[in-house]
Each structure stands twice: as C-alpha cells, then as structure tokens.
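Here is how the chains run, residue by residue.
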Amino acid sequence: MGSIRGGIAQARVAVIGAGIGGTAMAALLQRFGCDVTVYEQYARFAPAGGGIHLSPNLMRVLRHLDVHRHVMIKGQEPRAFLNRDAVTGEVIYALALGECGYRRFGAPFIALRRGELQTALMSAVTPGSVRWGKRLAGLDWRGETIALSFDDGSRADADVVIAADGLRSRVRGILRGNEQPVFAGQVAFRGSYPREGLGDLHIDDLTKWWGDDTFVLSYWLDRARRDFYFAAMIPQSAWATDASFEPADLDEMLAAFAHCHPDVRRMLAGAPAGSVTKWALFERPPCFEFGTGRVVLIGDACHPMRPFMSQGAAMALEDAVTLTRAIQGQGDFERAAPVFADARRERLARVHRVSAANTFMRQDLDPQWVFGYDPLGAHETAQLPALRAARAMAA
C-alpha cells in the first residue's frame, strides 16, 4: 500500500488509550501534522496513581515535547539512588544522581506522583482531540478503512490504529484472541503519607531495600519532601479476584517485613489506616505483539513487563518516539511498522529480561545502557531519522 489517503498528514489516526503512552504518541504525531483522535474508556481526565520514576531516557522525551518543566517543578530530583540490604541496612550500591547524574546521562532523574506526569503529557495533546468514555469493543477492517466500535454503541473510522491501552489491551485481544493476563505470584503494598508520620526518622531521597524474595522502594514525591511514598513487594501464592488491587491489611504488611532493618519497619508502621493498598502483579507470556501494519501496539499492550526496573513508562515513551521517527522516515504508516518493530525488539527484550530477574542495581553496575539511551536519535538511519533536538533542560 502507498501513503494512506494521500499522505500521512491526511491519514486519520486513532490512538486507543489516553494514558502515558497514548498521550505521548498523540502529542508527537500531532506535532508532526497528523490528524489524531484519542479514545479513552474513562469518562473524564482524572490523573491518579502512586509514585513513579522518570529516568533520564524518559526525560529526554518530555524535553522534546516541552513539558519537562512541569515534572521538574512538581517532582523531586534525588541526590542518589541507594540500594541497601533490607536486614542490615548496608549500602550495596549507590548511584549518584542530581547534577552528577545529569552530566553522566544528559537529563535529570525525577520522582513524583504519576498523576503529575499524566497532567504534563495531556497538556501537550491538542485540545478537543480526546474522546472520553470510549471503551473499545471491536475493530473491523473495511478495505483501507478500519471501523472502530465502542461499548456505548458509537462508531468511528480510522486509517491507522495505535493501541496504547495497557496490560489488558482490547486491541491485543482482537489480534491474538483470548489471552488473559495471569497472576505473577507477587503483590505490592503501596502507600504514601505526609512526612510528619515519619517522626524523627531520616529518609534518603530514593532507596531500594533488598531482601531475599522481598524488597521495599522508598522515596519522596515532591521537591519540598513533604510527601513520602513506599512500595513493598512480597511473594503470594494466589490472588482471588480479577481486580488489580484491594485495601491493605496493615498487620499483614508489617508482619511480612518484621525481620527487616528498623528504618524499614518504622517507615511502614508510619502509614495511617486506609492509606495503603495491596496490588497484584499480573503479566502475560513474554511475547511481544507489535501489530499488523496499520494496527500498531506500544507500551504494555505490546510488551508488558515486570516493574522492577521502573522502566514501564520509559519504554512506552521510547516506543512512541521510535514509531514517530519511523513514520517520518518512511512517509507511510504501513512501511513504518516493521522499521519500528526492528528498532525496538532488542532493547525491549533486554529490559524485559533484566526486569524479570529483578537484579538491576542490586550490585555495582553501569546503568548507562538504560538511563543514557537517547530515543530521539538511537539507531539513526535514513529509515529512522532522528527527531530534532530540543533546547537544554532547565526548570
């Protein structure tokens, strides 16, 4: 097939999902002149979620979209990423961040609330281009047109569909059949509360406390270090519901980490009743699904992975940039799809493998391959041209 409907700028692009990957994808293509509509199942924009790490590879994309200032003002830039033994408290490995990390990786490392990242990305999307309350029901190929149907009975037509609808992707289900996520045998207690709840306990900017089959990740969510966040992971044999989370039993959480360092026990004990939820970790078979040419998948819809490197959002934004570059290089969506897949497959496989092993930064290492990666220009060829560099990052 040649250029769709006379060229990429005239093609109707439907992005499924207005989460982190979907909003980034829409903003990038809209800057490139594409006619993009985003379809989101939720009724309105309601940024939410717990804490999130914005590593330097992700921050390069935010800088390109000129939304980096929002997260830098709202978030906290850790001085270091400490890795400690969960029982003794001994530092296993320390990665210098702050100014040192900026010089090393070319962009800062930020920790903040997930909703602030969603707000920043949504601000880059053309106003009025998101359709709320649109849960995808099906796709129907009609020649060069793809007909989309939604649970509310409405329909829409597109020339290209980009699925950014997450782990439980309906688009992936349409392409691969009834392939449901399965419980991975791990749960995480997630909570946040004001610093007053810590009393006189000193909390470093960002620490991962490593146990044998458990860990606790602790960090501040804002520049002023007013709000504290933790995620405490333990194994669990079963999960009795399809729901992703449930209210946490604080006694269960404290008992699971009773053997840990006193600082770990105190930070968990400081959580007020009702402030902690228990989340199940679901996963799919380790099989990437990039799509079929005019239906392309990005983020967790394409390559769900365990969250132990905190790279899920970064991989989705890297996908969005790489797909945009491939479209720019090919001048055609269908020819761009295999270029995108070929450019992403090796890196995604490596991140998937290391995340599953949960070994990243448990020992002295060089994280340059993760944090120093530049999705705007990596693997540059005529088929995959670099995106124009943005101005230097500044708050």
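Residues numbered from 1 in each chain as written. Predicted model: local features only at pLDDT ≥ 70, side-chain atom pairs only at ≥ 80, totals over all residues. Heavy atoms only, no water.

Some remarks on helix α4 (residues 98-105)
Among all positions of α4, only Gly-98, Gly-101 and Phe-105 are buried. Seen end-on, α4 carries its buried residues on one side only, within an arc spanning 45 degrees. Of the residues in α4, the exposed ones pointing more than 90 degrees away from the buried face are Glu-99 and Arg-103. Positive backbone phi, at 85 degrees, marks Gly-106, one or two positions downstream of α4. (Buried < 20%, exposed > 50% of the residue type's maximum accessible area, 1.4 Å probe, protein only. Helix = DSSP H or I, 4+ residues; strand = E, 2+ residues; numbered from the N terminus. Arc of directions from axis to C-beta.)

A closer look at the sheet that holds strand β17 (residues 276-283)
Overall, mixed pairing links the eight strands, which are arranged β5-β4-β13-β14-β15-β12-β17-β16 in an open sheet. In this open sheet, the two edge strands, each paired with only one partner strand, are β5 (91-96) and β16 (245-247). Along the sheet, successive strands turn relative to each other by an average axial angle of 15 degrees, direction set aside. Pairing between strand β4 (residues 80-85) and β5: five bridges, direction antiparallel. What sits directly across from Phe-81, in β5, is Leu-95. (Pairing = 2+ DSSP bridges. Axes fitted to C-alpha atoms, helices over the stretch in contact; angles between N-to-C directions.)

Some words on the nonpolar core
Counting 99 residues, the largest nonpolar core has Leu-54, Leu-62, Leu-148, Val-161 and Ile-162 as its most contacted members. Here the element with the most residues in this core is helix α10 (residues 333-357); it accounts for 10 residues. Not counting chain neighbours up to four residues away, the residues in contact with Leu-54 comprise Met-59, Leu-62, Val-71, Pro-108, Phe-109, Ile-110, Leu-112 and Leu-117. The next biggest cluster of nonpolar side chains, apart from the first, holds 26 residues, and it includes Tyr-193, Ala-271, Ala-280 and Phe-282. (Core = buried A, V, L, I, M, F, W, Y, C linked by side-chain atoms within 4.5 Å. Contact = heavy atoms within 4.5 Å.)

Overview of the pattern of salt bridges
Close approach of charged atoms allows side chains with opposite charge to pair. Taken as a whole, this structure holds 25 salt bridges when the rule is applied. Put simply, Asp-222 and Arg-226 hold a salt bridge, and the shortest N to O gap is 3.4 Å. The class of Asp-222 is buried, set by a relative accessible area of 8%. Between Glu-252 and Lys-278 there is a salt bridge, and its shortest N-O distance comes to 3.0 Å. Here Lys-278 lies in strand β17 and Glu-252 lies in helix α7 (residues 250-256), a separation of 26 residues in the sequence. What makes Glu-252 partly exposed here is its relative accessible area of 30%. Classification of Lys-278 by relative accessible area gives buried; the value is 5%. Here the salt bridges do not stand alone but share partners, grouping Arg-172, Arg-176, Glu-179, Arg-284 and Glu-289 into one network. (Salt bridge = Lys/Arg side-chain N within 4 Å of Asp/Glu carboxyl O.)

Overview of helix α1 (residues 20-31)
For α1, spanning 12 residues, the distance from its first C-alpha to its last is 17 Å, which sits close to the expected 16 Å at 1.5 Å a residue. Counting buried positions over the 12 residues of α1 gives 11, a clear majority of the element. Those residues of α1 that fall on the buried side of the exposure criterion are Ile-20, Gly-21, Gly-22, Thr-23, Ala-24, Met-25, Ala-26, Ala-27, Leu-28, Leu-29 and Gln-30. Remark: Gly-33 follows α1 within two positions and exhibits a positive phi of approximately 95 degrees. (Expected span 1.5 Å × (residues − 1).)

Some points on the sheet that holds strand β8 (residues 136-142)
Read from one edge to the other, the open sheet built from three strands follows the order β8-β9-β10, with strand pairing classed as antiparallel. Of all strands in the sheet, those with a lone pairing partner are β8 and β10 (155-158), marking the two edges. Recorded for the sheet is a direction-independent mean angle of 25 degrees between the axes of neighbouring strands. Pairing of β8 with strand β9 (residues 145-150) involves six bridges; the strand directions are antiparallel. Residue pairing across strands places Gly-138 opposite Ser-149, the latter belonging to β9.

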